[in-house]
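# Structural overview for review
Take a look at the letters that make up each chain.
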Amino acid sequence: MSNEEKQVKPVNQRGAARLAAVQALYQMDIGGTGVLEVVAEYEAHRLGQELDGDTYLKADPSWFRSIVSGVVRDQTKIDPIVRSSLQEDWPLSRLDSTLRAILRAGTFEILERKDVPVPVIVTEYVEIARAFFEEDEPRIVNAVLDRIAKQVRGDKK
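Remember, predicted model here, so these are calculated numbers, not experimental data. (Residues numbered from 1 in each chain as written. Predicted model: local features only at pLDDT ≥ 70, side-chain atom pairs only at ≥ 80, totals over all residues. Heavy atoms only, no water.)

### Concerning the packing of helix α3 (residues 61-85) against helix α4 (residues 97-112)
- In the contact formed by α3 and α4, the axes pass within 7 Å of each other and the chain directions differ by 95 degrees. Taken together, the axis directions place α3 and α4 in an arrangement best described as roughly perpendicular.
- When its residues are assigned to classes, the contact of α3 with α4 shows ten nonpolar, four polar and seven charged. (Axes fitted to C-alpha atoms, helices over the stretch in contact; angles between N-to-C directions. Helix = DSSP H or I, 4+ residues; strand = E, 2+ residues; numbered from the N terminus. Parallel < 35°, antiparallel > 145°, perpendicular 65-115°, else oblique. Nonpolar A, V, L, I, M, F, W, Y, C, P; charged D, E, K, R; others polar.)

Encoded structure:
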């Protein structure tokens with residue numbers, strides 16, 4: 001889908017940071033790049049910059065950094081939570097790498113960012129899923145993050 005076909009809407013800096021964090025986590029997952037290297041690359045060359053003709057949205061760098069480093073730091077805690085919220089026969093390794101990055105980042109925020117309401121976190125990551133997928137993935141993100149939020153934060157919305 002080209003940029004012309006996709007409607008560009010103004011995005012908040014935290015939303016842009018979330019999107020960049022998902023992209024960075026994907027890059028680390030696929031390429032085996034380290035967290036310090038990826039964070040440095042994004043902060044120097046991507047956040048709010050133009051790269052290869054694409055302009056990256058201005059993002060909150062500390063929010064970006066906290067998500068990426070937090071997911072890496074807490075992955076052994078995050079992955080079992082995500083895994084337990086998926087269908088029984090669906091291992092985390094079978095998920096698309098982008099979807100896995102979205103779920104890890106969203107789970108991190110639900111666990112660690114108690115100052116951010118669950119509906120905001122879920123909505124932001126569903127929007128990110130919509131940017132990458134046109135099928136069931138946004139619904140999966142919604143269902144899984146909602147399950148995790150109920151498990152972690154209880155039913156209060």
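There's plenty left to go through after this.
### A few points about the nonpolar core
- Formed by 44 residues in total, the largest nonpolar core has its most connected members in F64, I67, V68, I102, L103, Y125 and V141.
- Of all elements in the fold, only α1 (13-31), α2 (35-46), α3, α4, α5 (118-132) and α6 (137-153) reach the threshold of two or more residues within this core. (Core = buried A, V, L, I, M, F, W, Y, C linked by side-chain atoms within 4.5 Å. Buried < 20%, exposed > 50% of the residue type's maximum accessible area, 1.4 Å probe, protein only.)

### Focus on the side chain of E109
- Relative to the helices and strands, E109 resides in helix α4.
- Contacts of E109, omitting those with residues within four sequence positions, involve R18, W63, I67, V116, I121, Y125 and R153. (Contact = heavy atoms within 4.5 Å.)

### Details of α3
- Along its 25 residues, α3 runs just 30 Å from first to last C-alpha, ending more than 12% under the 36 Å computed at 1.5 Å per residue.
- Maximum bend of α3: about 80 degrees, positioned at Q75.
- Those residues of α3 not exposed but buried are W63, F64, I67, V68, G70, V71, D74, I78, D79, I81, V82 and S85. (Expected span 1.5 Å × (residues − 1). Bend = angle between axes of the 7 residues up to and from the residue.)

### Comments concerning the environment of I67
- For I67, the location among the structural elements is in helix α3.
- Judged by relative accessible area, I67 falls into the buried class, the value being 0%.
- Along the chain, I67 and E109 lie 42 residues apart, while their C-alpha atoms are 7.3 Å from each other.
- In this view, I67 contacts R18, A21, A105, F108, E109 and Y125; residues no more than four positions away in its chain are not counted.

### Let's talk about the packing of aromatic side chains
- Summed over all chains, the structure comprises zero aromatic pairs.
- For R14, the ring lying beneath its charged end belongs to W63, and the centroid distance is 3.7 Å. (Phe/Tyr/Trp six-rings, centres within 6.5 Å; stacked < 30°, edge-to-face > 60°. Lys NZ or Arg CZ within 6 Å of the ring centre and 35° of its normal.)

### A closer look at α5
- For α5, spanning 15 residues, the distance from its first C-alpha to its last is 22 Å, which sits close to the expected 21 Å at 1.5 Å a residue.
- Among the residues of α5, V118, I121, V122, E124, Y125, V126, I128 and A129 are the ones counted as buried.

### Considerations on the confidence of the model for the protein chain
- Taken as a whole, the protein chain shows an average pLDDT of 82; of its residues, 80% reach a score of 70 or greater.
- Note that pLDDT drops below 50 for residues 1-10; the model gives that stretch six contacts with residues more than four away or on any other chain. (pLDDT = per-residue confidence, 0-100.)

### Observations regarding the pattern of salt bridges
- Enumeration according to the criterion identifies ten salt bridges in this entry.
- Taking the shortest distance from any N to any O, the salt bridge between D115 and R113 comes out at 3.1 Å. (Salt bridge = Lys/Arg side-chain N within 4 Å of Asp/Glu carboxyl O.)

### Some thoughts on the side chain of S85
- Tracing the backbone through its elements, the reader meets S85 in helix α3.
- A polar contact is formed between the side chain of S85 and the backbone oxygen of I81, at a distance of 3.1 Å.
- Aside from chain neighbours lying at most four places away, what touches S85 is V144, R147, I148 and Q151. (Polar contact = N/O pair within 3.5 Å; in protein donor to acceptor, adjacent residues only side chain to side chain.)

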